[in-house]
Structure formats: C-alpha cells, structure tokens
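As a plain string of letters, each chain reads:
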Amino acid sequence: MRAALSDLPLTLDDVSFRAGGSAILDHVSLSIEPGAPTLIVGPNGAGKSSLLRICMGLARPTSGIVTWGGRTESRPLRRAFLFQRPVMLRRSVAANVAYGLRQAGYPYGLRRNRVRELLDRVGLLDHADRAARSLSGGEQQKLALARALARDPELLFLDEPTANLDPAATRSVEEIVLGASNSGIKVVMSSHDLGQVKRLAGEVLLLVRGGVRERAAAPVFFDSPSTPEAAAFVRGDLIL
Amino acid sequence: MSVATLFSDPLNWRFAMLRRSFFFCLSGLLILAGAMWPSLAEDRSIIVASTTSTQDSGLFGHILPLFKQKTGIDVKVIAQGTGQALDTARRGDADVVFVHARAQEEKFLEEGFGVKRFDVMYNDFVLVGPKSDPAGVAGSKDITAAFKAIKDKQAPFVSRGDKSGTHLAELKLWKEAGVDLDSAKGPWYREIGQGMGAALNTAAAMNAYVLSDRGTWLSFKNRGDLDIVVEGDKRLFNQYGVMLVNPAKHPNVRVELGQAFVDWLISPEGQAAIAAYKIDGQQLFFPNAHGS
Amino acid sequence: MTEGLSAWQLIASGDAALLAIVRLSLVVSLSAVTCAALLGLPLGASLALTRFPGRTLLIVLLNGFMGLPPVVVGLAVFLLLSRSGPLGTFGILFTPLAMIIAQALLVLPIIAALARQTIEDLWREYRDELTAMDVGPVGRIATLLWDSRFSLLTALLAGFGRAIAEVGAVMIVGGNINGFTRTMTTAIALETSKGDLPLALGLGYILIVLVLVINAGAWGLRVWSEQRANG
C-alpha cells in the first residue's frame, strides 16, 4: 500500500514556469534534503506558490526537470500539501481525516483509532462530529493539517498556511508544524511573516521575481544576509 | 458523551449514510423490477386497438370483465381513432382491431394485415347541437339537409379531423349533402384533430354542432347547452367490425388468445353482453354479428 | 372545491382502481428517475471533470435537452419499441417498462445537466486538494457526488417533478390501458375527454398534492440529514 521509495532528495534542475505569457519561475535549480524546515520567503508574485506546486507535482514546469528521490515521475504518495485556504470536504471533522487515511491506503479497521490520534494531535478531538465547514478558519487549517498528516508524509508543503489566521491560531498551527518537523517530516513552507520565519526556519530560501536570490541556514540568513533584498527582508523593509 | 462514542459516531454515521444510499439504490432497482414483472409474467393478455368511442362510452368497462371471467384473458385496450388504430395494428403493435370504418377495414384486409372481418354490432351517429339551434335543424330526420343548413347559415361546426371512423362518416355525409368542404370551409368549420370526447367538450364550449356516436354522447357528462338535434336517419348507421391481425405479417400476434376474443364477441354470450350495456336505461350498441 | 369531491371520495373509500393508478404513476416515475440517476449522475460528473473536443457542444445540447418535449420523446421511443421498429422483438411497447424508458430519457438530461453544473462548481473548489491526495478518477467522481448529495437531491426532485407531471410520452408509449398503463396524467386526459371534468379535476388535485408531499418530504429529509451529516 505504501511506496517504499523515498521522495527525497527533491531536485529542480533549471526549472522555468510560464503562465499567461509571463515568466513565474525563471531557471530555478535547487535541491531539498531531509532536515529542519525550509522557509520560502519573497514578495508577492515572486513565484513562491508556483514553486511549491511544482515541488508537490501539482503543476508541471514549462521547462526543466523535477526529480523526487531521483525519479521524474512520482505519485504524491508521501507528499502532502496545505493550501492557504483549506478545502473542507462537506463532511464531519472526523470524516475529513478518515478520508485522508483511506486515500493513503490506511487499513480500514485501524482508521477509527488513527483518526482519534490525529485529531488529538491538532486539538480538534472535541469537534470530531461537527461539520468541517462550520469550523473557524484556524480550526479548519488545523483539520487540514491533520488530514495532511494522515497521509504519513515524508514531505509536507505549506503555502502560507497562516496568512488568514489570527495570532492564536497561527501559534497552534506553527506548533503542529514544528511537531511534524521534529517527528522527521521534511517541511517546506512559504511565508510572508518575518517573525514566523525566525520561529520555524532551519534554512531560508529567498525568491525574487521567479529566481532564487539567496539561500542560507537560518542563523546565517538573519545575521549576515548577503544580498540587498535579503537584508531588506531581515530589516522588515519592503522588497521591490 | 464519552470519547469512544464521540468517535464511533461520526464514522458510523458516514458509513450509515453510505449504507442508506446503497439501500436507496437497491430499493429503486426493486421498484424497477416490480414494474417490469407484470410485462414479463403476464402471458394471457392481448392488445386490442380500438376506437375512443368504444372506450369513452364505457362499453369495454362492461364487457371485458365478463370475458376475463370466462377465459382468464386480459384485454388491454388502446383507444385511438379508427385510422390510428388500424395503423397501430399495421405496425404489429396490436393483436386485434375493433373499429368502425368499413372502407378502411376492407383496405386493411386487402393489404393482408387482417385475417377475416366480422360484423359485431352497430350504433348510430347523432347530430348534436346547441339548444338555440342557429341552423334551425332540430327535430329533422334528414341529416344531409341539416348539414347543408349548417353550412348555409355558417353555424359553428366541430369536426374530429383525426381520420377516425366518425370523422370519415362525417366527411361522407358532407359529400352526400353536396357540400364541397374544400371551398366551403371557413371559420365556422373547426377541425380539432382529437377524440370524440374532446370534440364534444369543444362543441359544448363554443355552442357548435358536432357529429357524435350515440354511445359517447350518452356517457358524456359535460354537455353544457348541447342536445341531440338530428337522429334516426339511416345514413347515420355505424357498423363496428373486429379483425384478428394477420400472424403471417406479424408473427408476434397472439393468435389463439386474439381469436378467442373475436370468437367470444360474435358468440351469443358476447352479443348478449353488448346488448346488456345500458346508460340511463338506453341501449348503446346493437349486436348484429350474424345479422347483416 | 365541490368539483373535486368525487375524486376525494374515491380516495377516501380506498377505490382500488384509483389506488392502482396512483401506484403505477409513482412506480413508473420513481423507476425512471432511479434509472436516469444511475446514468445521469456519473455522466454529469464525468462531463464536469473531463476536457475533450466537443465538450462545450455536448453541454449545450444537454442543457437544451432539459426542455425536450415529452411527445417527441414518446414518439421516438414508440418508433423504437414498436413491433416494426428496431427493438420490436422485445414486445415492450404498451407496457410500464416502455413508460419507464421514455420518462428516463426525458429526465436524463435534466439530472445530467444539473449534476454537471453542481459538480463542476464543487470540483473547482476540490481540485487541488483531491489532486494533492492522489485521488483517482473514480474516487474523484465518487467524492464529488457524495459531497454534493444535497444539491443533487434537488436535481433528482426536478427530474421526478417532470416525470410525474408529463402526459405526452406515457400516453404514446403506454397506450393508457385501463388497469395496466393508466397513470394519473393519462387518466386526467381521458376523464377530460369523456367530459367528466369534476373527476379529472379531482385527479389533478391528487396529483398536485402528491407532488407537494414528495417535495416537502425530500426537503425535510434534506434539512434533517444536512444537520445530522454536518453538511
């Protein structure tokens, strides 16, 4: 049921992505290895979402090659994706998680207990039989996280998951993400929020106008940014 | 609520819904099967293409139960105009035809679609019209004179216009009255292309004259201001005939059962049943199987 | 309202012939809707999820066919099922099965077109998530059908309303045979032509009440299960 093959390292080789005549990603080459969370930062329109979608396999690059564990074709069996706006199936909270488990091929008889563990992990145990769509924004994002974790992912992509959330919800989402990272899941996440990057990042990848401007371990990135754009981001300035 | 039930509930609920939808589909299929069953299982039945006049007058409602009681055969009646009923039989969609338009029935026989034609009964046509009688024909026994008067006065007249036996009889009467419909047609002459009942409804609504078979008229309930204005002319005589559809043309015809119905209709028992059908004490159809 | 009395008296007295007519109407129309749903829901869902040349044309056609005239459908089925037609050997003309086939054809475009619209809207929302969860084509259709079940119920009701109310198709392919293929609508047409307007009107009342009751029941079921199922 579960692919034994690893999706890591994930590599992009000279990847470009065009949509509607404009270049979104411009000759990007990078490799993602196991380890602490990779935070992708950059101004709006820099191509963060497209980069994540290509890494996930949701979008195909216009040119260039993506490989997962050396393979160019790989179903997203061990990858999961969290969208900025969580998509809630029109079912109960528990059924949303159970759906994720079923899609991951989790044995039927064990699902009920596993749903319970996952909901406990994201703090939604008390809401198990509520309508998923009646949850608040933060709760919905936590449920989406539980459903993503139900896939037992090796790689977890998050596209600005807290952009629409209040500080309390942001904090609990971050805690779950850190917990996932500590349990060995490779987290790749885009963010706008300087504080969030400082709290989560193992390494930072700065994307500007579709190109990787700077990539460094978090302490290096914050202490001695080597490009003016990175310096501006660290200062909290606007990057143009 | 314990944590355990909290957890079993939503999941169970979901599967309960799945089960429910499954049973919904299943019950739908069962309904379907139930609907198909009679058509597959019902062997002893025949389809009779007949006219609206025999059905609307209630004759079949009276005689068919008697036939069923005697033979166990279900007779399914498709009530159409004579022309349409003959076409239904031509297509092989009926086992027996029971209509009233001699010329057309003989054409049907000549084409080889019928086995043999038997006279069964007759009734008569009546000219029905408003009590105000704008054409001044009430009480006459001369139907062609009445038709001519209607045309001369341009009094409203409703025609079936559906190639039925009644319609053909009406056209024949216009011809005998010396009226050339093609040139005489005007707003006063209204062809509705529907059955006898619909024609009577229309005539009642417009206070028009209309040619009807007596049986349908007698059982018709929405008469409004209409009444019989002309009756008793020999030219209003209306003969019904019955034919088994030729199995040589359509092998699916249920020869044995169809023939049993034909035989019963012309038997003394069937003839007596026809004679016994009355509305308000009036006999509607006069059996003459071996008479003419 | 006195005009309707005779029919109500028939109902109240449990008149067997009348009950048989009501039962046949329900059986035929429910079966037709079930068949049309079994075909139309997957068809609408596939149409919502796939892209191929001529798809737009197909959707326009399907939407247009929502307004198919019943008599035309009836005539087409009649010609197919007639002994002289291509499917004549089965001998199902003038049977309830023929009526079910005709009504199913009439209702199929309604269910498929409404399902296509509903599911395409939901698919727009679900696409990324289901793709990310590696859900295959069949799983996608099943998920979308299940998650839009309450909207689809409305589509089924629309189809049922059309089926139970139409007279043209069942009259032609059923033949309005007393006790065998006579439905409420063909009975109304017949009683009207016999000039028994009170009985026709009474049957009309019954038909309307029946449709209202079924719609109200489905509405209640929808509200109740939406609450229970946590929509």
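A brief look at the structure comes next. Just so we're clear, the structure is a prediction, and the values are computed from it rather than from any experiment.

Moving on, we come to the overall build of chain A. When its secondary structure is counted, chain A shows eight helices and nine strands. Computed over the C-alpha atoms, the radius of gyration of chain A is 18 Å, within 12% of the 18 Å expected from 2.2 N^0.38 for a compact globule of 240 residues. C-alpha atoms of chain A, sized along the principal axes, occupy 55 × 40 × 35 Å. The proportion of buried residues among the 240 residues of chain A is 56%. Residue pairs at least 24 apart in sequence account for 67% of intrachain contacts in chain A once pairs closer than 6 positions are excluded. Total accessible area on chain A is roughly 10,100 Å²; 50% of this is exposed by carbon and sulfur atoms. The average position of the 31 basic charges and that of the 24 acidic charges among the side chains of chain A differ by 8 Å.

With that settled, consider a nonpolar patch on the surface. There is a patch of nonpolar side chains on the surface, built from Phe52, Leu57, Leu58, Leu61 and Phe65 of chain C and spanning about 450 Å² of accessible area. Structurally, leucine 61 of chain C can be placed in helix 3 (residues 55–65).

The subject of this paragraph is the interface of chain A and chain C. Accessible area lost on assembly of the parts is the figure often given for the size of an interface. With 25 residues of chain A at the interface, the matching set in chain C holds 19 residues. When the area that chain A buries against chain C is broken down by residue, the three leading residues are Val87, Arg90 and Arg91 of chain A, summing to 32%. Taking the shortest distance from any N to any O, the salt bridge between glutamate 125 of chain C and arginine 90 of chain A comes out at 3.1 Å. No other element matches helix 2 (residues 93–103) of chain A, which puts three residues into the side of chain A that touches chain C. For the side of chain A that touches chain C, the class distribution of residues is twelve nonpolar, three polar and ten charged.

This brings us to helix 3 of chain C. All names here are of chain C. For helix 3, the complete set of buried residues consists of Arg55, Ile59 and Leu62. Considered in projection along helix 3, the buried side chains sweep an arc of 65 degrees and stay on one side of the axis. Turned more than 90 degrees away from the buried face of helix 3 sit Thr56, Leu57 and Val60, all of them exposed. Along its buried surface, helix 3 packs onto helix 2 (16–49) and helix 5 (96–132).

Another aspect to go through is the pattern of salt bridges. In total, this model carries 41 salt bridges over all chains according to the counting rule given. One salt bridge in this structure joins arginine 91 of chain A and aspartate 147 of chain C, with 2.6 Å as the shortest N-O distance. Placement of arginine 91 of chain A in the loop between strand 5 (79–82) and helix 2 and of aspartate 147 of chain C in helix 6 (residues 137–147) is noted, with the two residues assigned to different chains. Aspartate 147 of chain C gets classed as buried once you look at its relative accessible area, which sits at 3%.

Right, let's talk about the packing of aromatic side chains for a bit. Residue and element names in this part refer to chain B. Scanning all chains against the criterion turns up 20 aromatic pairs over all chains. For the pair tyrosine 122 and phenylalanine 286, a centre-to-centre distance of 5.4 Å together with 25 degrees between the ring planes defines the contact as stacked. Taken together, the positions of tyrosine 122 in strand 4 (residues 114–130) and phenylalanine 286 in strand 12 (residues 286–287) put the pair 164 residues apart, joining distant regions of the chain. Of the residues examined, tyrosine 122 reaches a relative accessible area of 27% and is grouped as partly exposed. Through a chain of ring-to-ring contacts, the aromatic side chains of Phe147, Phe157, Trp174, Trp188 and Tyr189 assemble into a single cluster. The positively charged end of arginine 223 is found above the aromatic ring belonging to tryptophan 217, 4.4 Å away from the centroid.

Our focus in this paragraph is the sheet that holds strand 8 (residues 203–208) of chain A. All names here are of chain A. Taken together, the six strands give an open sheet; going across it, the order is 5-6-7-3-8-9, and neighbouring strands pair in mixed fashion. Here the strands that pair on one side only, and so sit at the sheet edges, are strand 5 and strand 9 (211–217). Across this sheet, the average inter-strand angle for adjacent strands is 15 degrees, counted without regard to direction. Bridging between strand 3 (residues 38–41) and strand 8 involves four bridges; their strand directions are parallel. Counterpart to isoleucine 40 in the pairing with strand 8 is leucine 205. Sitting on the sheet, helix 4 (residues 137–149) touches strand 5 and strand 6 (155–159), and the angle it makes with strand 5 is about 170 degrees. Along the sheet, helix 8 (residues 228–235) contacts strand 3, strand 8 and strand 9; its crossing angle with strand 8, the most-contacted strand, is approximately 115 degrees.

The subject of this paragraph is the pairing of strand 2 (residues 74–80) of chain B. Residue and element names in this part refer to chain B. Within strand 2, five of the seven residues are buried, which leaves it mostly tucked inside the rest of the structure. Pairing between strand 1 (residues 45–51) and strand 2: seven bridges, direction parallel. Note on strand 2: the bridge partner recorded for serine 45 is aspartate 74.

Across a sheet, paired strands are connected by hydrogen bonds in the backbone, their directions being either parallel or antiparallel. Residue and element names in this part refer to chain A. Strand order in the open sheet made by the three strands is 2-1-4, with antiparallel pairing throughout. Two strands in the sheet have a free side with no partner beyond their single neighbour: strand 2 (22–32) and strand 4 (63–68). This sheet shows a mean twist of 20 degrees between the axes of neighbouring strands, independent of strand direction. Across five bridges, the pairing between strand 1 (residues 10–19) and strand 4 is antiparallel. In the strand pairing of strand 4, leucine 10 is matched with tryptophan 68.

Calculation rules
- Residues numbered from 1 in each chain as written.
- Chains lettered and ligands numbered in written order.
- Predicted model: local features only at pLDDT ≥ 70, side-chain atom pairs only at ≥ 80, totals over all residues.
- Heavy atoms only, no water.
- Helix = DSSP H or I, 4+ residues; strand = E, 2+ residues; numbered from the N terminus.
- Rg over C-alpha atoms; globule rule 2.2 N^0.38 Å.
- Buried < 20%, exposed > 50% of the residue type's maximum accessible area, 1.4 Å probe, protein only.
- Contact = heavy atoms within 4.5 Å.
- Areas by Shrake-Rupley, 256 points an atom, 1.4 Å probe, with all protein chains shown as cover.
- Lys, Arg positive; Asp, Glu negative; His and termini not counted.
- Charge placed at Lys NZ, Arg CZ, Asp CG, Glu CD.
- Patch = residues over 30% accessible without salt bridge, like charges linked within 9 Å, V, L, I, M, F, W, Y side chains within 5 Å.
- Salt bridge = Lys/Arg side-chain N within 4 Å of Asp/Glu carboxyl O.
- Buried area = accessible area lost by both parts, 1.4 Å probe.
- Nonpolar A, V, L, I, M, F, W, Y, C, P; charged D, E, K, R; others polar.
- Arc of directions from axis to C-beta.
- Phe/Tyr/Trp six-rings, centres within 6.5 Å; stacked < 30°, edge-to-face > 60°.
- Lys NZ or Arg CZ within 6 Å of the ring centre and 35° of its normal.
- Pairing = 2+ DSSP bridges.
- Axes fitted to C-alpha atoms, helices over the stretch in contact; angles between N-to-C directions.

By themselves, these figures tell us nothing about what the structure is for.
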